[in-house]
Amino acid sequence: MKLVTQVKLMPDAAQASALERTLGTVNDAANWVSEVAFEHGVPREYELRHHTYAELKARGLGAQAAQHVIKKVRDSYTTLKANIRAGNLGKDGSKRRRKAESKPITFRPEAAQPYDDRCLSWQYDQQTVSIWTVDGRVKNIRFVCSADALKTLRECRKGESDLIERDGSFYLAATCEVPEAEQYEPDGFIGVDLGIVNIATTSTGYQAAGRGLNRYRKRQRALRAKLQKKRTKSARRRLKERSRRETRHVKNTNHIIAKTIVTEAERTSAGISLEELKGIRQRVRLRKPQRVALHSWAFAQLGDFIVYKAKRAGVPLVFVDPAYSSRECAECGHIDRLNRISQAKFACRSCGVVAHADRNASHVLARRGEDVWTAGRESRVPATP
C-alpha cells in the first residue's frame, strides 16, 4: 500500500536560495516543454525527449532532472485528457473545456518537482538530505518530522519524492510502500452512514456531528467574501495567509473520524460497511443555496482515509449500494418514502419502529455489508470429484 510521508526542510539562507532557483528553473523549462508538446500534438514521452532533451541539458538541467521535467509535462497532459474523458471539464464545446484544450498547460514557478534516488539521498540518523540543485549538489539540508514519520521513511520509503514550496517553506513528500496487515474474519459489520448534518454515524452508536464544521465553513466563506470585497493590498495578504486553512481543518477532522471508526472496528473484530457515493454530485439536483454545502462535503476524502487506515489495521472493508438506505427500515426491511419524516426522524409505516434516521440507515448499511461479504467470500464446499 502506497502512502505519502511529508517532511519539512529547514535550509539555511544559501540552501533556500538554491532550492528556490531550482524550482523556478525547472518549471520555466517545463513551460517550454509544454509548449513544444502542444505544438507537436502531445507526442509520447519517448518522442517528446527527442524534441526537448538536448535543449534542457543546454539550459543547465542535469540528466535526471531533464527526464523528470519531460515526464512531469507528459503526465500533466495525460491527467488533462483523463479529466476531459470523465467529463470533469464540462461537455464537448463548453467554455471551460475549450479553454483547457486551446492552450498549453502552464506550471507555477513554485510547482512541485519530482526527484529520484539519483538526485536525492536521505541521511536518517542525521535527519538531513542531499539534493540536486541548479547550483550543484546541496548537502546537509536538515528536515523535521514526527518520530512515526521518520520510522516510516526509514523502513518503507521507496520511489520518488517531490520537492514542494508552500508559503516560503520547503517540503519533501516521499512515497512509502507500507505493508498491509493480514485481514481477519469479521464478526459482524459496522455500518457507516455519511452525511452533511452528521458527518458520520455508525451502527455502534458513534456519531460525528457536522454542526461545528459547517459553522466553521460558513464563517470562512463570510470572511473570504469580506476580504475580497475590500480589494486592498492588506486584504490580499490576509487572503493569502488564510489560504488552505479550511482544507487543513477539514482534513484533520476527517482523520480523527476515520481513526475513531477503524479503531472501534478493530477493537470489536468487526468489518466496516461504507456506502458508495461516487458520482453523487452529478446525480443530485439541488437549489442554489444548498449547492455550496454539497460541493464542500469531503465524503470522498473521509472514505479514502477510512480505507487506508483499515488496510493498515487489517480491518475488512466493503462498499455497498446506498440506494434507499434512508427510507428502509432496519427492523423489517420495509421501504417507503414516507418513512423518513424529517432529516433526523425515521418512523416505519409498516412495523412502527421510531429511530434516528442516520442511525437507522447505518444499521441498514451494516446488514448490506454482511450480505456483500458473504456473497464475495470464497466457497468452503469441497470440490466435487
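Colleague: Go over the overall build of the chain with me, naming the residues and quoting the values.
Modeller: Along the backbone of the chain there are 12 helices and 14 strands. With the principal axes as the frame, the chain shows a C-alpha extent of 80 × 65 × 45 Å. If you sum the accessible surface of the chain, you get close to 22,500 Å²; carbon and sulfur atoms cover 50% of it. Both charge centroids of the chain, one from 72 positive and one from 43 negative side chains, sit 10 Å from each other.

Colleague: Can you explain the packing of aromatic side chains? Please cite residues and give values.
Modeller: Taken as a whole, this structure holds four aromatic pairs when the rule is applied. Seen from their ring centres, Trp 122 and Tyr 124 are 6.2 Å apart, and the 20° between their planes marks the pair as stacked. Judged on exposure class, the residue Trp 122 and its partner Tyr 124 are both buried. Both rings, one in Trp 122 and one in Phe 143, keep their centres 5.5 Å apart while their planes meet at 75°; by these two values the pair is edge-to-face. Of the two residues, Trp 122 sits in strand 3 (residues 120–123) while Phe 143 sits in strand 5 (residues 136–144), which places them 21 residues apart along the sequence. With relative accessibility at 1%, the residue Phe 143 sits in the buried group. Taken together through their ring pairs, the aromatic side chains of Trp 122, Tyr 124 and Phe 143 make up a single cluster. Taking NZ or CZ as reference, Lys 72 lies 5.2 Å from the ring centre of Phe 107, over its face. In this structure, Arg 166 packs its charged tip against the face of Tyr 171, placed 4.9 Å from the ring centre.

Colleague: Give a detailed account of the sheet that holds strand 4 (residues 128–133), specifying residues and quantitative values.
Modeller: Spatially, seven strands are ordered 2-6-7-1-5-4-3 in an open sheet, and the strand pairing comes out antiparallel. Each of the sheet's edge strands pairs with one partner strand only, and the pair in question is strand 2 (113–115) and strand 3. Taken over all neighbouring pairs, the strand axes of this sheet differ in orientation by 35° on average, direction set aside. Docked against the sheet, helix 5 (residues 147–156) engages strand 1 (2–10), strand 3, strand 5, strand 6 (157–166) and strand 7 (169–177), running at close to 50° with respect to strand 7.

Colleague: Describe the environment of Arg 242, and please don't skip the residues or the numbers.
Modeller: The topology assignment puts Arg 242 in helix 7 (residues 233–242). Judged by relative accessible area, Arg 242 falls into the partly exposed class, the value being 25%. Between the C-alpha atoms of Arg 242 and Gln 220, which are 22 residues apart in sequence, the distance is 9.0 Å. Setting aside residues up to four positions removed in sequence, Arg 242 forms contacts with Gln 220, Leu 223 and Leu 227.

Colleague: Requested: an account of the packing of helix 1 (residues 13–39) against helix 3 (residues 63–86), with residues and values cited.
Modeller: Contact pair helix 1 / helix 3: the axes reach a minimum separation of 9 Å and the direction vectors enclose 55°. Regarding the angle of helix 1 to helix 3, the classification is oblique. As for the relative orientation of helix 1 and helix 3, their crossing is right-handed in sense. Contacts between helix 1 and helix 3 involve Val 26, Asn 27, Ala 29, Ala 30, Val 33, Ser 34, Ala 37 and Phe 38 from the first element and Val 69, Lys 72, Val 73 and Tyr 77 from the second. When grouped by side-chain class, the residues that make up the contact of helix 1 with helix 3 number nine nonpolar, two polar and one charged.

Colleague: Give a description of the nonpolar core that names residues and reports values.
Modeller: Among the nonpolar cores identified, the biggest contains 47 residues, and Leu 9, Leu 61, Trp 122 and Leu 163 are the most heavily contacted of them. For Trp 122, the residues in contact, after removing those within four places along its chain, are Val 7, Thr 128, Val 129, Phe 143, Leu 153, Arg 157, Ser 161, Leu 172 and Ala 174.

Colleague: Any details on the environment of Lys 57? Residues and values, ideally.
Modeller: As for its position among the elements, Lys 57 is in helix 2 (residues 45–58). Residue classification places Lys 57 among the partly exposed residues on the basis of a relative accessible area of 39%. Sequence separation between Lys 57 and Gln 67 is 10 residues; the distance between their C-alpha atoms is 9.9 Å. Beyond its immediate stretch of four places on either side in the chain, Lys 57 contacts Gly 62 and Ala 63.

Colleague: Quick rundown of the pairing of strand 8 (residues 189–194)? Include the residues and the values.
Modeller: Where burial is concerned, most of strand 8 is hidden: six out of the six residues are buried. By the alternation rule, side chains of strand 8 split into Phe 189, Gly 191 and Asp 193 and Ile 190, Val 192 and Leu 194, which are all buried. In this structure, strand 8 lies alongside strand 11 (residues 271–275), joined through four bridges in parallel fashion. Counterpart to Phe 189 in the pairing with strand 11 is Gly 271. Bridge analysis of strand 8 against strand 9 (residues 198–202) gives three bridges, and the strand direction is antiparallel. Counterpart to Val 192 in the pairing with strand 9 is Thr 202. Where strand 8 hands over to strand 9, the hairpin turn is made up of three residues, counted between the paired strands.

Colleague: Explain the pattern of salt bridges to me, and be specific about the residues and the numbers.
Modeller: On inspection of all chains with the given rule, the structure shows 15 salt bridges. The shortest N-O distance in the salt bridge between Glu 45 and Arg 49 comes to 2.8 Å. Of this pair, Glu 45 and Arg 49 both sit in helix 2, separated by four residues, roughly a single helical turn. Sharing partners across several salt bridges, the network here consists of Arg 217, Arg 224 and Glu 246.

Colleague: Explain the sheet that holds strand 11 to me, and be specific about the residues and the numbers.
Modeller: Strands sit in the order 10-9-8-11-12 across an open sheet of five strands; the sheet is mixed. The outermost strands of the open sheet, each flanked by one partner alone, are strand 10 (207–209) and strand 12 (317–320). Geometrically, the sheet is characterised by an average inter-axis angle of 20° between neighbouring strands, direction not taken into account. Of the strands in this sheet, strand 8, strand 9, strand 10, strand 11 and strand 12 are in contact with helix 12 (residues 357–376), which crosses strand 8 at around 130°.

About the criteria used
Residues numbered from 1 in each chain as written. Predicted model: local features only at pLDDT ≥ 70, side-chain atom pairs only at ≥ 80, totals over all residues. Heavy atoms only, no water. Helix = DSSP H or I, 4+ residues; strand = E, 2+ residues; numbered from the N terminus. Areas by Shrake-Rupley, 256 points an atom, 1.4 Å probe, with all protein chains shown as cover. Lys, Arg positive; Asp, Glu negative; His and termini not counted. Charge placed at Lys NZ, Arg CZ, Asp CG, Glu CD. Phe/Tyr/Trp six-rings, centres within 6.5 Å; stacked < 30°, edge-to-face > 60°. Buried < 20%, exposed > 50% of the residue type's maximum accessible area, 1.4 Å probe, protein only. Lys NZ or Arg CZ within 6 Å of the ring centre and 35° of its normal. Pairing = 2+ DSSP bridges. Axes fitted to C-alpha atoms, helices over the stretch in contact; angles between N-to-C directions. Contact = heavy atoms within 4.5 Å. Parallel < 35°, antiparallel > 145°, perpendicular 65-115°, else oblique. Left-handed = near helix turned anticlockwise from the far one by under 90°. Nonpolar A, V, L, I, M, F, W, Y, C, P; charged D, E, K, R; others polar. Core = buried A, V, L, I, M, F, W, Y, C linked by side-chain atoms within 4.5 Å. Salt bridge = Lys/Arg side-chain N within 4 Å of Asp/Glu carboxyl O.

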